[in-house]
Each structure stands twice: as structure tokens, then as C-alpha cells.
Amino acid sequence: MAAAIISSRNLASFSRFLTSGTKINTCRSINTTHNNLCRWQIVGAACVTRPPVVCPPMTPIEQQYSGMLTTMEKELALKSDHEMRVEKDKIYKKLLLSGDVEDAADLDRTSAQTAAEFEDACTLELNDFNATLQPVHDRNETPDVRKRLHRCLERSLVLVVKHKQIDVQEWTLPHTPWTPGETLRQTCERVVGDVCGESLKVKFLGNAPCGFYKYKYPKTIRKDGYIGAKVFFYKCVVLNNKQQEVEFGTDVDDHQWLTHDELKHTLKQSYAKSISQFLISDR
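This is a predicted model, so every value here is computed, not measured. The numbering scheme is per chain: residues are counted from 1 as the chain's sequence reads. Reporting of local features is limited, given that this is a predicted model, to residues whose pLDDT is at least 70; pairs of side-chain atoms are given and counted only at 80 or more, and all residues count toward the totals for whole chains, interfaces and linings. By convention in this description, side-chain values take in all heavy atoms of the structure and omit both hydrogens and water.

Draft legend 1. Layout of the overall build of the chain. Each helix and strand counted, the chain has eight helices and seven strands in total. Taken across its 283 residues, the chain has 28% of its residues classed as buried. Should any heavy atoms of two residues lie within 4.5 Å, those residues are counted as being in contact. Put simply, of all contacts in the chain between residues at least 6 apart along the chain, 71% involve residues at least 24 apart. Each accessible area is a Shrake-Rupley result for a 1.4 Å probe, and residues are judged covered by the shown protein chains and nothing else. Total accessible area on the chain is roughly 19400 Å²; 56% of this is exposed by carbon and sulfur atoms. By the criteria applied, helices consist of DSSP H or I runs no shorter than four residues and strands consist of E runs no shorter than two, each listed in order from the N terminus. Only protein chains enter the accessibility calculation, which uses a 1.4 Å probe. A residue is then buried if its area is under 20% of the maximum for its type, exposed if over 50%, and partly exposed in between.

Have a look at this one:
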């Protein structure tokens, strides 16, 4: 009788052990599957910025203050060499009209170019320079103009691209997945080289990311077990401001150089908000 009771107890304990063991194995398999489906892809993105080249236009109060300083300087300052030259040219012209050629020859004529001709040449050069400047807000601006690096010289420009290998075509910063064995900065340096080639020289600011953004992939394009991407932004500035355009790589479908205001209307709202947190306003 006692042996029967012990055997029944052992059988009940063994049954509970099998039941608990089955639950543990099931939970482990569920956790393993969950981990495989919840992996995030690490991505490095480069914020390529072209800093302002010229000073922005003055505000009305700045123009008023500048005019006041110019008036004070003109009243208190001595005459410059150019002003002295203008007066000599006037005297020389009067002597020529009066017929006193000998007295006119005694004047120091340092150059065959008069002061008025020099002013005309400077004015013409200034007008040619102003013609090259693009206004900040041009309603007639075409999309092709936004592809130029040397536009809106008084504003900061940020490079945005459309990658060919991505199924969803959206405007983003140049980015690429992180490769094991390299740092995130090296990942961003690699993507700048692949996108812009060697024609664009940039300088990265620091070794740490300046921003972060996370998003999930659409279920239709999820692959390799990644449900989304964690993007780390690195900021870099353009070093060469020569009048030459950038030769982009073959994996770039389209590109634009946009101001901070244009980024808000071009990029995805959440994406633009993450970028705006580390961009310094040029206003």
C-alpha cells in the first residue's frame, strides 16, 4: 500500500516536471524567435553642410546704423588717396579746358586711367558679382537650380539625396548601413566618398554622433530579420568653395542642396525634426 502511494507521488512529480520543462522550452523558443524579429539595423548618415560664403543682406535697422557710421566716418576722416586723385583730375581737366597745357603737364600723372574711369570699372565689377548671387527666396526657382552647390551664398545648404537601391524613394541625408569592424564615423566617411566622390572635400566635426533617428521598415520590404533602422547622424562641412559642381556616384538617383527652410518642406516631418535639433540657424 505504501509502495503504491510512493509510486503515485513520483508519477505526479515526474508529470509536473515534464509539464514545466515543456513550458520552459516553449518560452525559450518564443524568446529566440522574438529576438530574431526585433533586430535593428545600425545606419550612419552624413549631414553634408555648405556654410555661408557671403554675408546676408542687412536688415532695415542695420542699414540705418551702417549709414550713420558711414556719415560719421566721412565727416571725421581725412581724405583718402582716391579722393585726392579725384581732385587732381578735376584740376587737370580745368587746365586743359583753359588752355594752360604747360601747367597741366606739371601735375603728377601717375596713371593714364582717371579716377572716374577707375570708379566705373569698379562699379561694373561689383554689378557682375551681384548678378552671380542667388536670392534666398526665389519663387521662380526651378528644381534644377537646387542641384547647384553655389546657390544662396548667404545661407547654409544641406545635401539631400535619393538612393537608387532603396525601394521607398524619399529625400534623406546620405546614409549607408554600418559594417562590423568600422566606427560610425568611418561609415559616414565611406558614404560621403561613395555619394560625392573625390570632387568634394569635407571635414567631419567630432567623433561622436550629433543626432539620432529611429524608424521601422515597411513590412513588405523587411529583410534579414531587421524591423527597422537606428540612424546616427554625423555633421561635416564643405571645405572647397570653388565654382565647380559635384560629381555624384552611380547609386544616387537625385540630389538637392537645400536651405534649412526648404528642408522642412522636402523631408519627412519626423525626419526633419530630428535633423533640426542639431542644425544651427543661419538667420
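Let us keep going from here.
Draft legend 2. Quick peek at the nonpolar core. Ranked by internal contacts, the top residues of the largest apolar core, which has 21 residues, are Ala46, Val48, Leu200, Phe204 and Trp257. Elements with a minimum of two residues in this core: strand S1 (39-50), strand S2 (157-163), helix H6 (184-196), strand S6 (226-238) and strand S7 (252-258). If you tally residues by element for this core, the top one is H6, at six residues. Apart from the residues lying within four places of it in its own chain, the contact partners of Val48 are Leu157, Val158, Leu159, Val192, Leu200, Val202, Cys236, Val238 and Trp257. Here the nonpolar core consists of buried residues drawn from Ala, Val, Leu, Ile, Met, Phe, Trp, Tyr and Cys, with membership extended through side-chain atoms lying within 4.5 Å. Counting residues in hydrophobic clusters, the runner-up holds 20 residues, among them Val43, Tyr217, Ala229 and Val231.

Draft legend 3. Representation of a positive patch on the surface within the structure. Where like charges cluster on the molecular surface, the positive patch consists of Lys214, Lys216, Lys219 and Arg222. Mapping Arg222 onto the fold places it in the loop between strand S5 (211-216) and S6. For Arg222, a relative accessible area of 34% translates into the label partly exposed. Residues enter a patch when their relative accessible area is above 30% and they make no salt bridge; the linking distance is 9 Å between like charges and 5 Å between nonpolar side chains (Val, Leu, Ile, Met, Phe, Trp, Tyr). By convention in these notes, a salt bridge is any Lys or Arg side-chain nitrogen within 4 Å of a carboxyl oxygen on Asp or Glu. We score Asp and Glu as negative and Lys and Arg as positive, and we do not count His or the chain ends. In this description, the location of a charge corresponds to atom NZ of lysine, CZ of arginine, CG of aspartate or CD of glutamate.

Draft legend 4. The confidence of the model for the chain, seen in detail. Averaged over every residue, the pLDDT of the chain is 78; residues scoring 70 or more account for 74%. A low-confidence stretch, residues 17-34 (pLDDT under 50), is modelled with zero contacts involving residues beyond four sequence positions or located in other chains. pLDDT measures the predictor's confidence residue by residue and takes values from 0 up to 100.

Draft legend 5. The arrangement of unusual backbone geometry in detail. Residues other than glycine seldom take positive phi values, yet Cys152 does so here, at roughly 50°. By secondary structure assignment, the location of Cys152 is in the loop between helix H5 (115-132) and S2. Here Cys152 falls in the buried class, since its relative accessible area comes to 0%.

Draft legend 6. Structural detail: the side chain of Thr176. You can see Thr176 is positioned in strand S3 (residues 175-177). By relative accessible area, which is 15% here, Thr176 ends up buried. Beyond its immediate sequence surroundings of up to four residues, Thr176 is in contact with Val43, Gly44, Thr187, Arg190 and Val191.

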